[in-house]
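What follows is the residue order along each chain.
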Amino acid sequence: MQELPPTPERLDKGDITSVYIEDPVSKSDLPRLRSSGAVYALQKSGTLSDAQVAAAEQWALDYETGLLGARDPDASKQCGKPDPENALIARIRAADRCRYIRKHMGPLGEKFLTDLMVNGLSVQKMSEKHSKRRERIAGAIDFCLEQLADLYTDMPGDLWFNK
């Protein structure tokens, strides 16, 4: 995960999210900041729907919880107290959902989502990285998130709940 401190301008835009990622060395949860400025800018311009943004946010949460080891504060509490069993189940379900998305979107779709939602690359940075015009990248984001929203809508229920 890219660890760059947000600029004051980025903090003013209000699209910074704090997550806790397990550090494999210290075995403790460390706070990390995530920005998905490109997604919120495209939503504000009318390019992306609320459903697409919600799917992107859900995928980022699943990726960070299931694959990066972040803590899901909602799923790891029962009656206001930490519950390790619920936290483990939440992590397993998040990883399963990520595998489901990767299976249906492919590794390139997952890499695109990672650049956008985890690494917080802007449309301009993604344009430079992929040597494509910004308009094409914005269109690819729209298509990718439309597909992602459909995948979450049609996702089997056992990927959400305990069997």
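If you're wondering where the values come from, they're calculated on a predicted model, not measured in any experiment.

The rules behind these values
- Residue positions are given per chain, counting from 1 as you read along its sequence in written order.
- For this predicted model, a pLDDT threshold of at least 70 governs which residues receive local features, and a threshold of 80 or more governs which side-chain atom pairs are given and counted, while totals over whole chains, interfaces and linings are taken from all residues.
- Excluding hydrogens and water, the side-chain values take into account all heavy atoms of the structure.
- Throughout, exposure labels follow a simple rule: accessible area from a 1.4 Å probe, protein chains only, divided by the maximum for the residue type, with under 20% read as buried, over 50% as exposed, and the rest as partly exposed.
- By definition, any uninterrupted DSSP run of H or I lasting at least four residues is a helix, any uninterrupted run of E lasting at least two residues is a strand, and each is numbered from the N terminus.
- In this description, one arc is meant: the one made by directions from the helix axis to the C-beta atoms.
- Contact criterion: two residues are considered in contact whenever any of their non-hydrogen atoms come within 4.5 Å of each other.
- To estimate how far a helix should extend, the number of its residues minus one is multiplied by 1.5 Å.
- Bend at a residue means the angle formed by two fitted axes: the first through the 7 residues ending at that position, the second through the 7 residues beginning there.
- Salt bridges are identified by distance alone: a Lys or Arg side-chain nitrogen within 4 Å of an Asp or Glu carboxyl oxygen.
- In protein, a polar contact means a hydrogen-donor-capable atom and an acceptor-capable atom, both N or O and within 3.5 Å, with residues adjacent in sequence counting only if both atoms are side-chain atoms; elsewhere, any N or O pair within 3.5 Å suffices.
- Each axis is a line fitted through C-alpha atoms, taken for helices only over the stretch in contact, and angles between the N-to-C directions span 0 to 180 degrees.
- Throughout, the term roughly parallel applies to angles under 35 degrees, roughly antiparallel to angles over 145, roughly perpendicular to angles from 65 to 115, and oblique to all others.
- In the scheme used here, Gly and all other residues not listed as nonpolar or charged are polar, with Ala, Val, Leu, Ile, Met, Phe, Trp, Tyr, Cys and Pro taken as nonpolar and Asp, Glu, Lys and Arg as charged.

**Observations regarding helix α5 (residues 123-130)**
The periodicity of an α-helix, 3.6 residues per turn, causes residues three or four places apart in sequence to face the same way. Residues of α5 that are buried include every one of Val-123, Met-126 and Ser-127, and no others. Buried residues in α5, looked at end-on, bunch into an arc of 105°, giving them a common side. The inward-facing, buried residues of α5 contact α2 (37-44), α4 (84-118) and α6 (134-153).

**Quick look at α4**
In this model α4 runs just 25 Å from its N-terminal to its C-terminal C-alpha over 35 residues, more than 12% under the 51 Å that 1.5 Å per residue would give. Of all the bends in α4, the greatest reaches close to 115° and is centred on Gly-106; the proline Pro-107 follows between one and four positions later.

**A few points about the pattern of salt bridges**
When the charged atoms of two side chains lie near each other, side chains of opposite charge can form a pair. Scanning the entire structure with this criterion turns up seven salt bridges. Where Arg-93 meets Asp-96, a salt bridge forms, and the shortest distance between an N and an O atom there is 3.6 Å. One end of the pair, Arg-93, and the other, Asp-96, are both in helix α4, three residues apart, so they sit about a helical turn from each other. The salt bridge involving Asp-115 is made with Lys-111; its shortest N-O contact spans 3.2 Å. Of this pair, Asp-115 and Lys-111 both sit in helix α4, separated by four residues, roughly a single helical turn. Connected through shared salt-bridge partners, Arg-93, Asp-96 and Arg-99 make up one network.

**Looking at the side chain of Thr-65**
As for its position among the elements, Thr-65 is in helix α3 (residues 50-67). Here the side chain of Thr-65 touches Leu-61 through a polar contact of 2.8 Å, landing on its backbone oxygen.

**Quick word on unusual backbone geometry**
One can expect most non-glycine residues to show negative phi and most peptide bonds to be in trans. The phi dihedral of Ser-131 is positive, around 55°, even though this residue is not glycine. Mapping Ser-131 onto the fold places it in the loop between α5 and α6. Given a relative accessible area of 65%, Ser-131 falls into the exposed group.

**A short note on the packing of α5 against α6**
Packed helices, taken two at a time, are described by the angle their axes make and the gap between the axes. Direction vectors running N to C along α5 and α6 enclose 105°, while the axes themselves pass 9 Å from each other. On the basis of their axis angle, the class for α5 and α6 is roughly perpendicular. Of the residues in α6, those touching α5 at Val-123, Gln-124, Met-126, Ser-127 and His-130 are Arg-134, Ile-137, Ala-138 and Ile-141. Residues of the contact of α5 with α6, tallied by class, amount to five nonpolar, three polar and one charged.

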